[in-house]
Amino acid sequence: MANNSSSVVVSQNKPDGCFLSVADFNPYDMNRPDSVHPTWTFLATINGLAAPPTIVVNALVIWTVIMDENLRSSAFNILLASLAVTDFLVGLLVEPLYCLFLGCLLNKCLSPECTFTVYILSSLACSGATMVSFTLASAERYLAIEHPNFYRKNITAKKVISTTAIIWVIFLACLISASALLNRTYPHLYKVPSAVAGSILGMIILYCSLKVQITAYRQSRTIALQKASVQQPNDEQEQEQRLKEYKRVFMMTILVIASVLFYTPYIIVSVIKATRGTDVTSNFQYVATPICATLIHLQSLINPIIMSLRLSYIRQGIKNKLASLV
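Note that the structure is predicted; figures quoted are calculated from it, not measured. (Residues numbered from 1 in each chain as written. Predicted model: local features only at pLDDT ≥ 70, side-chain atom pairs only at ≥ 80, totals over all residues. Heavy atoms only, no water.)

Moving on, we come to the UniProt feature "transmembrane region" (unreviewed entry) in the chain. With numbering aligned to this structure, UniProt lists the feature "transmembrane region" (unreviewed entry) at residues 40–66, 78–98, 118–139, 160–182, 188–210, 249–272 and 284–306. The annotated region residues 78–98 carries 100% helix and 0% strand content, and the separation between its end C-alpha atoms amounts to 29 Å. (UniProt positions renumbered as here; feature names shortened; annotations may be inferred. Helix = DSSP H or I, 4+ residues; strand = E, 2+ residues; numbered from the N terminus.)

Given below as structure tokens:
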């Protein structure tokens, strides 16, 4: 009889029809400490307040690139716009859904598990697309700096647009399908496909960024020394173009460093949960992951700010767009 009661409780705690189960974050756990509720309220407020500026700033970056023929003819700027698109969707979908999920936990409204499912789907899609955009942008910088002749002959804005769209669709389809299939048999491992994919893309990003950063730093110093000597006008123009490319490299490096800082807490928490399992405290279980998720969401607001601060043409384009609205 006791076994039957246990099965009923389990079935009630895991509603059918949802894409993902909340394996390590049970919204139906009535024994969770009330002390986590103020933290959830604070995190919901932070996500809610961050969503509107995230939408606006990324929309301005997209508008600046797309509406300027010179800017949208650059493969690098197209990749910046694609990154801004994924960050725009974080503000439009991910952060509001996360607020809804936390609100459901606090007020016991709707179905927290299915709300969590919708949030995870949107988060997986946006995070995956962001990682793809970061990887393509890092590879684009690698080719532009390390193989400039190949880059000038083969890399165009149209090719970058089509390549980005195709890789987005294939990558996200594989990622979400693998997570869904794994969740049906091993619910606790549904994060594994995204972790593996993120690790592979992360290594590519770090390798390209480190390699290009070293090259750009060395060549920038060489150009600075050459400027002191008498040069032909053509040489000066070529050097100015190279310096422009190096500034883009430094901006990408800052974006990568920011990503590492925002994702590191989540990685640490995931490792602790994987190694310690049920030994972690209730406060840690119900507070650490939401805080880490919020930090990742906030990166979508920081990215366009870094672009605007480090790239004068993006900053000026945004000013012009704002002026036209007044």
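So, next bit.
A few words on the pattern of salt bridges. If you walk through the whole model with that rule in mind, you get 3 salt bridges. The salt bridge involving glutamate 245 is made with arginine 141; its shortest N-O contact spans 2.6 Å. Of the two residues, glutamate 245 sits in helix 9 (residues 233–276) while arginine 141 sits in helix 5 (residues 112–146), which places them 104 residues apart along the sequence. The same class applies to glutamate 245 and to arginine 141, which are both buried. Measuring nitrogen to oxygen at the nearest pair gives 3.8 Å for the salt bridge that ties arginine 248 to glutamate 245. In this pair, arginine 248 and glutamate 245 both sit in helix 9, 3 residues apart, roughly one turn of the helix. When salt bridges that share partners are traced, they join Glu140, Arg141, Glu245 and Arg248 into one network. (Salt bridge = Lys/Arg side-chain N within 4 Å of Asp/Glu carboxyl O. Buried < 20%, exposed > 50% of the residue type's maximum accessible area, 1.4 Å probe, protein only.)

A separate point is a nonpolar patch on the surface. A contiguous nonpolar patch, built from Val192, Val196, Ile200, Met203 and Ile204 and spanning about 430 Å² of accessible area, is present on the exposed surface. On the accessibility criterion, isoleucine 200 (45% relative accessible area) is partly exposed. (Patch = residues over 30% accessible without salt bridge, like charges linked within 9 Å, V, L, I, M, F, W, Y side chains within 5 Å. Areas by Shrake-Rupley, 256 points an atom, 1.4 Å probe, with all protein chains shown as cover.)

Compared with an ideal rise of 1.5 Å per residue, which puts 14 residues at 20 Å, helix 11 (residues 312–325) spans 20 Å between its outermost C-alpha atoms and is within 8% of the ideal. Residues Ile314, Gly317, Ile318 and Lys321 constitute the buried set of helix 11. Each buried residue of helix 11 sits inside an arc of 100 degrees when the element is viewed along its axis, so together they form one side. (Expected span 1.5 Å × (residues − 1). Arc of directions from axis to C-beta.)

Let's shift gears to the packing of aromatic side chains. Tallied over the entire structure, the rule returns 6 aromatic pairs. For the pair tyrosine 98 and phenylalanine 101, a centre-to-centre distance of 6.4 Å together with 40 degrees between the ring planes defines the contact as tilted. On the criterion of helical spacing, the pair formed by tyrosine 98 and phenylalanine 101 is a turn pair, its members being 3 residues apart in helix 4 (residues 75–107). Residue tyrosine 98 is classed as buried on the basis of its relative accessible area, which comes to 4%. (Phe/Tyr/Trp six-rings, centres within 6.5 Å; stacked < 30°, edge-to-face > 60°.)

Two packed helices can be described by the angle between their axes and the distance between those axes. Where helix 2 (residues 37–66) meets helix 4, the closest approach of the two axes is 8 Å, and the angle between their N-to-C directions is 155 degrees. Relative to helix 4, the element helix 2 lies roughly antiparallel. Of the two possible hands of crossing, helix 2 and helix 4 adopt the one that is left-handed. (Axes fitted to C-alpha atoms, helices over the stretch in contact; angles between N-to-C directions. Parallel < 35°, antiparallel > 145°, perpendicular 65-115°, else oblique. Left-handed = near helix turned anticlockwise from the far one by under 90°.)

Okay, the nonpolar core next. One broad rule of soluble globular proteins: the nonpolar side chains tend to lie buried together. Leu102, Tyr119, Phe171, Met251, Met252, Leu255 and Met307 are the most contacted members of the largest nonpolar core, which has 58 residues in total. Looking at this core, the elements with two or more residues in it are helix 2, helix 4, helix 5, helix 7 (157–185), helix 8 (192–226), helix 9, helix 10 (282–310) and helix 11. The biggest single contributor to this core is helix 4, with 15 residues. Residues Ala216, Ile223, Leu243 and Tyr246 belong to the second largest nonpolar core, which totals 9 residues. (Core = buried A, V, L, I, M, F, W, Y, C linked by side-chain atoms within 4.5 Å.)

What follows is about the side chain of arginine 141. Overall, arginine 141 belongs to the buried group, its relative accessible area being 2%. A polar contact is formed between the side chain of arginine 141 and the side chain of glutamate 245, at a distance of 2.6 Å. Every residue in contact with arginine 141, bar those within four places of it in the chain, is listed here: Phe76, Tyr151, Val212, Glu245, Arg248, Val249 and Met252. (Polar contact = N/O pair within 3.5 Å; in protein donor to acceptor, adjacent residues only side chain to side chain. Contact = heavy atoms within 4.5 Å.)

In this section: the environment of leucine 92. Checked against the element boundaries, leucine 92 lands in helix 4. As a C-alpha pair, leucine 92 and isoleucine 55 span 37 residues in sequence and 6.2 Å in three-dimensional space.

The next thing to look at is the side chain of glutamate 140. As for its position among the elements, glutamate 140 is in helix 5. Owing to a relative accessible area of 4%, glutamate 140 belongs among the buried residues under this scheme. Once residues lying within four places of it in the same chain are set aside, the contact partners of glutamate 140 are Ala75, Phe76, Leu79 and Tyr151.

With that settled, consider helix 4. With 33 residues, helix 4 ought to run about 48 Å at 1.5 Å a step, and its terminal C-alpha atoms sit 47 Å apart, in line with that. At valine 90, helix 4 is bent by approximately 40 degrees, the largest bend along its length. In terms of burial, helix 4 is a largely internal element, 24 of the 33 residues being buried. Where helix 4 begins, the capping side chain belongs to serine 74, and its oxygen is found 3.3 Å from the backbone nitrogen of phenylalanine 76. With its phi angle positive at about 55 degrees, lysine 108 sits one or two positions after the end of helix 4. (Bend = angle between axes of the 7 residues up to and from the residue.)

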